[in-house]
Amino acid sequence: MTTPSITTPFPPPPGARAYHLRTERGEFAVVDAPVPAGVEPRGVALLLPGFTGSKEDFHRLHEPLAARGYRAIAVDGRGQNESDGPAEDESPYAQEELARDVLAQAAALDTPLHLVGHSLGGQIARAAVLLDHSPFVSFTLVSSGPAEISDSQKERVKLLHDALAVMTMPEVWGAILAMGPPEEVGGPARGFGKLDQLRLRWLNHKPAQLLVTGRQLCTAPNRVAELAAVPLPFHVVSGSVDDTWPVSLLDEMAADLRAHRTIVPDAEHSPNLDQPLPTAHALADFWDHHPR
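Every value quoted in this text rests on a predicted model; they were computed, and no experiment measured them. Each chain has its residues counted from 1, running along the sequence as written. Predicted model: local features are reported for residues with pLDDT of at least 70 only, side-chain atom pairs are reported and counted for 80 or more only, and whole-chain, interface and lining totals are derived from all residues. Each side-chain value is worked out from all heavy atoms of the structure, with water and hydrogens disregarded.

Nonpolar cores were defined as sets of buried Ala, Val, Leu, Ile, Met, Phe, Trp, Tyr and Cys residues, with membership established by side-chain atoms within 4.5 Å. Residue burial is assigned from relative accessible area. The probe radius is 1.4 Å, only protein chains are included, and a residue is buried under 20% of its type maximum, exposed over 50%, and partly exposed in between. By size, the foremost hydrophobic cluster in this structure holds 58 residues, and its most contacted members are Leu46, Leu115, Phe136, Phe139, Trp202 and Leu257. Grouped together as the second largest cluster of nonpolar side chains are 18 residues, Ala74, Val116, Ala280 and Trp287 included.

In structure tokens:
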């Protein structure tokens, strides 16, 4: 039975469908882009967004991935944008709980998956793979480092946490925009869509999700050695510049994982937004070498 599409203020790209994926751990909002008629299906990918991000951050990847034969399903995690979650209870956002959400999504999709995690999504995906790698064909970390984020980014997260302690979500959004143009401020003010859509996405996020996952980014342990022991092919993708995890650190992580390494020119922390076509081709090229 086909899951009904949902009406959303975040329209999916051409050929894709937005719906709520039903799992044993609740429903999660997804954008699902199938392979078009006439293209040989080659695999399926599950895409996890980063901190303050959402499934829409992968919008520009869907069409080129589908053209290469890859169905891609981008998902809002618990408490992100259009996926529900508690506003104040922090316990459901513990990293292991979010990792179990990913495994539930994989079980609901019921097909071997290429797993992709951007930034925070990469660390959540890593936790899922360490719990159970069996649903996955490969694992790609996009701009997602081995441990805690850089000191400069920790300061940004701390500012956000301090603001959330004394301000409402709309007030915090106003403060974010007061810091400068969205393309310079980054974070919640940057993504796919117009400014009113980015504002709505921010307001949809649950404060508890932001607080807990922000702390996770600031204190993440290095689990590269554990991950290297998992029998999956790995891929590390980044832009040529990254202020969240230095590119040299991502190079080192890739070497420790014996991972395929892609640096996307003229891209920064979000190559999926900055340079979607070369990013999509890098993903598909890697997957072509690791069929399900």
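That covers the picture; the talk isn't over yet.
The next thing to look at is the sheet that holds strand S7 (residues 234–239). The strand order S1-S2-S4-S3-S5-S6-S7-S8 describes an open sheet built from eight strands, whose pairing is mixed. The sheet terminates laterally at strand S1 (17–23) and strand S8 (260–264), the two strands that pair on one side only. Sheet twist, expressed as the mean angle between neighbouring strand axes with direction ignored, is 25°. Think of it this way: DSSP has to see at least two bridges between two strands before they count as a pair. Strands here mean DSSP runs of E at least two residues long; helices mean DSSP runs of H or I at least four residues long; both are numbered from the N terminus. Relative to strand S2 (residues 26–33), S1 is paired through seven bridges, and the arrangement is antiparallel. Bridge pairing in S2 links Arg17 to Asp32. Only C-alpha atoms enter the line fits that serve as axes; for helices the fit covers just the stretch in contact. Angles between N-to-C directions range over 0 to 180 degrees.

Take unusual backbone geometry next. For residues besides glycine, phi is generally negative; the peptide bonds are generally trans as well. One non-glycine residue, Thr52, lies in positive phi territory at about 65°. Structurally, Thr52 is set in the loop between strand S3 (43–48) and helix H1 (59–67). Since its relative accessible area comes to 8%, Thr52 is described here as buried. Of note, the phi angle at Arg258 is positive, near 55°, even though the residue is not glycine. Along the chain, Arg258 turns up in the loop between helix H10 (247–257) and S8.

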